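Secondary and tertiary structure notes
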Amino acid sequence: MTATNRLWFEAMRYTLIVAALIIFLIPIAWMATLAFKPVAEWTTAISEITWLPKNPTLGNFEFIFTGETDEVVITLPNTATRPIFASLVVASLSTLLAVVVGTLGAYGVSRFGVGKNLPLSVLQLRLFPPMAVMIPVMMMWSYLALVDTFWGLSLIYGIVTLPFSFWLMKTFFDEVPREIEEAALVEGCSQWRVFYRVTIPMVKAPLATTVLFVFILNWSDYIIALLLTRKDWVTIPVYMNSLNTAMTGEMYGAKAAMGLIAAIPPVVLGIIIQKHLVRGLTFGALKQ
Amino acid sequence: MSSIELTNLTKRFGDLVAVKDLDLSIKDREFVALLGPSGCGKTTTMNMIAGIEAPSGGSVCFDTRDITHTSMGKRGVGFVFQNYAIFIHMSVYKNLAFGLEVAGTPRAEIDRQVADMAKLMRLTRQINWPAERLSVNELQRLAIGRSAIIKPNIFLLDEPLSNLDAAFRAEMRTELKHLQHELQQTMVYVTHDQLEAMSMADRIAVMDLGVLQQYGSPLDVYNRPTNRFVANFIGAPSMNLLDCRIVGENGATKLDFGEAGSLTPGNDDPLTQICQRAQQDRVVFGFRPEDVKLEPDGGGGLSMKVTFVERIGPRSIIHLEGPGHEVKAVGDNQIPARIGDIMRVGSGGLSHLFDADTGRRVE
Amino acid sequence: MTTSTTTVTGAPELSLAQQGVKLGRWMTLPTQLLLVFIFAFPGAMIIYVSMSWWGPLDGVPWYYAYESLNWFDNYAELLEDERFWGSMWRTFIIMIVVVPVEFFLGLGLAILFVDNFALKRVFYSVLLMPMMVVPAVAGYMFYILFQSNGPINQLLSLITGYEIDLVWLSDPDNAFIAIMVADIWQWTPLMFLILLAGLLGVPEDQLKAATLLGANWAQKFWRIALPKMRIVMVIALVIRAVEAFKLFDVMYVMTKGGPGVATETISVYIYKVTFLELEWSYVSAIGFAVLMFLTALGGIGIAILANAQKKKRLADVVD
């Protein structure tokens, strides 16, 4: 490739990538600006749309956390503190469940060849449209008094994200060379100790990736929480979309503020884990 | 067909100089081996000939054309990778046909040439097999065929035999030589195995740490190594290299090996004159294991103790140790040596002297 | 290795392999239990209830459904339910449009990212962001973007020079487009991620060999890169297709299936029937039918994947 060709090619490349970047960032940017706009700027005519708030304010955040603010006359019946807490608790607990069960199961299948049916069965879990299964789940959950409880929600979340922790860890376990484990076995370690003391330290990074990825998924759920929570354990997405008041209807700014809070943790976590995630998501179909 | 001219060729990777000011002239239809240990720059050099790497300095010319900046698709070289890089997902036919297909050759012509090449490479039976079914030896022939079919002027091979089991390597060596005569091409062959280089090449370029050490025919390199490195690298077991001092005593010159004793070259031995002419007195004395003369204790030569005897079938390798020196001797199985015996070691053939500091040959 | 030795006490000691299998059984037990828990009971329940007229308004718990058994009446009704088929059709259309678009956009981006260039890691991280955004939040973002007095119209006005005042979410056709835009926005990065990994996995030596044989970029892409990426492409397509079918969050938040039923996909339809019309037995039938359909879809993908892995393992042995 000649020098000028190369230059042209690089210029095209950068242009396209930057264009894609802008498109990807626009929605997030818009929501971010909305979050800092005072009520007066929430809805305006097209000609008056501004991308930066004319009078940036923290009022929206104040509003969702304290339930009232100077700008708006009404007060919120529920503040955002509880849903944030709920999301944190439930996402963490369910991630713990999914990762522990999935890791153990994945190791069993990968190393000992037990449960040959598991990989496919577990995958089938992801084939259900959540809505379709929610009725029996709702009925089961209310029968077992699991509705609107953190352990109930965590349980279903854990089950639903189990396929991911299982498949990711299985892919990673398949890649771990057996020689190291066999060396430890020869030295007299029991199988369990080998797993616990030899294998797990070797997959620290993939394990962290799995934990964070599952956490992101559990944090992001909307529909299950919509159906299985009432008021005590409402999570962020449900809360956010219910931020309408009788008086003013849609609270654009407040919702945007909440949306921002909801979106930031997974995005940050996602960036941290991206490298290992790719290996796991392609099921090791690539010889790396 | 063309000659290759490398002038002042240099390649830097950051601070590391992989190839340094290399001047090399390869004649048309010559078979040249680039020989050296890992990291000596031989593969980098070949990559620069192929165009896979761009040089940091210097030039590469084919015949008279300077192709230093020509892209690698347009140089008309054939390249056989160490791991063959066969298109595994394609059939043998498709692999062979690839170069012709991308050039837009008509189908009938492709069929004909592929059939011919397959016959030459003895792959006719496997022509429709998927490449993954081939054995390593077949893969190698396929790799060569795939490159040869586009009739390149120059053929580059990067350690192609290192993946084969020892038994087949000898067979393939002969085959490659035959091939070169058939195809009438200039061949450059990278290897770390001096036996391969010695048996196949018209000339050998020995390299170490990016610098060309010696360039000559196999016999040249074997009989007149220009420095200590080459002396040590060529030949297996490698040449015995012992530190010693040139001393003149009573008008006679001899080589002093310390406690082990000394060796006095005969009057008609060219070594005498070399010693007399030499500017330095600290030298390294080199003689090949095949040229070692062993006599029972009590005669002239160096006094050493047998530490190990390897009987490897047709020959024996005897390891000897003396104060500050180690020697290996190769002889027939009749030599009566047992561990612990003290024997006298001398040189019965070509000897070489190298400067103790620079390693260069002393003449 | 199934030999056993006796210890001093005379009890047979397990070989290492046997120990392994036993431990394996314990380790996979929780997974098996959870699977049974979530498959067996809801599965049985869905089938059971779907064959009756039971509903929450009946006043009796669900296991009394046998009192109003109707066998396959619900399924028969399903076949004639226009709204159901409409929602299936809409879901299908969405899938047919967004998956290829995401695939090709993702592929294009992946191709741009194969070489190294300045700031590559930064760009990469930012390009992955949409995937990480909570879908319900993403839905809300596009909701506000597509308002008639929102930035989309503003940008369109700027670009075309005309005053664009389109109604998006209240117009049946435009709402459809808006939803597809939202999905494409969110999931193209996933395709990009997977396809880039696939592209990078193409053996470099083979590409070099091809270049040396005179192949140009297009020829290398078609003959060497694409065949090697087949598996990855199938994975990407199947994952996306199945997930597109299950779409709920973004859709519901943006339009709630409206206006009317213009953007009602199968999940939204099921939700409405569940909560607005409370015909739970009917919904069970729908759920079961959709389940079977998606299982078949996923099954095809898994079969392709398993087949490819088998071929790969054979190739490994040959090497």
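Residues numbered from 1 in each chain as written. Chains lettered and ligands numbered in written order. Predicted model: local features only at pLDDT ≥ 70, side-chain atom pairs only at ≥ 80, totals over all residues.

1. Some thoughts on the overall build of chain C
Counted only if it meets this: Note on conventions: DSSP H or I runs of at least 4 residues are helices, E runs of at least 2 residues are strands, and numbering of each starts at the N terminus. Labels follow a simple rule on C-beta atoms placed from the backbone: if 20 or more others lie within 10 Å of a residue's own, it is buried; if 12 or fewer, it is exposed; otherwise it is partly exposed. Contacts here follow a simple rule: the backbone-placed C-beta atoms of the two residues must lie within 7 Å.
A tally of regular secondary structure across chain C gives twelve helices and two strands. Overall, chain C shows an N-to-C arrangement of helices and strands of β-β-α-α-α-α-α-α-α-α-α-α-α-α. Taking all 319 residues of chain C together, the buried fraction comes to 42%. Restricting the contact set of chain C to residue pairs at least 6 apart, pairs at least 24 apart contribute 66%.

2. Focus on the sheet that holds strand β3 (residues 31-35) of chain B
Across a sheet, paired strands are connected by hydrogen bonds in the backbone, their directions being either parallel or antiparallel. All names here are of chain B. Quick note on the threshold: DSSP calls a pair of strands paired once it identifies at least 2 bridges connecting them. Think of each axis as a best-fit line through the C-alpha atoms, taken over the contacting stretch in the case of a helix, with angles from 0 to 180 degrees between the N-to-C directions.
Pairing in this open sheet of six strands is mixed, and the strands run β6-β7-β8-β3-β9-β10 from one edge to the other. At either margin of the open sheet sits one strand with a lone partner, and together these are β6 (77-80) and β10 (211-216). Each strand axis lies, on average, 15° off the axis of its neighbour in the sheet, ignoring direction. Relative to strand β9 (residues 203-208), β3 runs parallel, the two being bridged by four bridges. Counterpart to leucine 34 in the pairing with β9 is alanine 205.

3. So, the domain arrangement of chain A
Residues and elements named next belong to chain A. What counts here: Residue ranges for the domains originate in an automatic or database domain assignment. In this classification, Asp, Glu, Lys and Arg are treated as charged, Ala, Val, Leu, Ile, Met, Phe, Trp, Tyr, Cys and Pro as nonpolar, and every other residue, Gly included, as polar.
For chain A, the assigned domains are domain 1 (3-66) and domain 2 (82-281). For domain 1 and domain 2, the distance between their C-alpha centres works out to 31 Å. The interface of domain 1 with domain 2 comprises twelve residues on the first partner and eight residues on the second. Within the residue set of the side of domain 1 that touches domain 2, elements represented by two or more residues are α1 (3-35) and α2 (59-66). Counted by class, the side of domain 1 that touches domain 2 contains nine nonpolar, two polar and one charged residues.

4. Section: the interface of chain A and chain C
Taken together, the contact pairs 77 residues of chain A with 78 residues of chain C. Top contributing element to the side of chain A that touches chain C by residue count: helix α12 (residues 252-281) of chain A, with twelve residues.

5. A few points about the sheet that holds strand β15 (residues 292-296) of chain B
Residues and elements named next belong to chain B. Spatially, the five strands line up as an open sheet ordered β15-β19-β16-β17-β18, and their pairing is antiparallel. A single partner strand is all that each edge strand has here, and the edge strands are β15 and β18 (325-331). Sheet twist, expressed as the mean angle between neighbouring strand axes with direction ignored, is 45°. Sheet topology note: the strand β16 (residues 302-311)/strand β17 (residues 316-322) ladder contains six bridges and is antiparallel. For lysine 305, the partnering residue across the bridge sits in β17 and is glutamate 321.

6. A few points about the pairing of strand β8 (residues 186-191) of chain B
Residue and element names in this part refer to chain B. Stated formally: Here the term right-handed applies to a crossover when the path leading from its first strand over the helix to its second strand runs clockwise, the strands being oriented away from the viewer.
Burial runs high along β8: six of the six residues are buried. Burial of β8 is two-sided: the residues Thr186, Val188 and Val190 facing one way and the residues Met187, Tyr189 and Thr191 facing the other way are all buried. Here five bridges tie β3 to β8, and the two strands are oriented parallel to one another. Across the sheet, the residue bridging to leucine 34 is valine 190, located in β8. In this structure, strand β7 (residues 154-158) lies alongside β8, joined through five bridges in parallel fashion. Paired with leucine 157 across the strands is tyrosine 189, a residue of β8. Handedness of the β7-helix α5 (residues 166-183)-β8 crossover: right-handed.

7. Observations regarding unusual backbone geometry
All names here are of chain B. In this model, alanine 236 is joined to proline 237 through a cis peptide bond whose omega is -5°. For proline 237, the position within the fold is in the loop between α8 (228-233) and β11 (240-249). If you check the backbone angles, glutamate 159 has positive phi at about 45° while not being a glycine. With respect to the helices and strands, glutamate 159 occurs in the loop between β7 and α5. Although it is not a glycine, leucine 209 sits at a positive phi angle of roughly 55°. Following the sequence through the fold, leucine 209 ends up in the loop between β9 and β10. Residue leucine 209 is classed as partly exposed on the basis of its 15 C-beta neighbours within 10 Å.

8. Quick notes on the environment of phenylalanine 215 of chain A
All names here are of chain A. When you line up the elements, phenylalanine 215 lands in helix α9 (residues 204-220). Classification of phenylalanine 215 by C-beta neighbours within 10 Å gives buried; the count is 23. Residues phenylalanine 215 and arginine 230 lie 15 residues apart in sequence; the distance between their C-alpha atoms is 22 Å.

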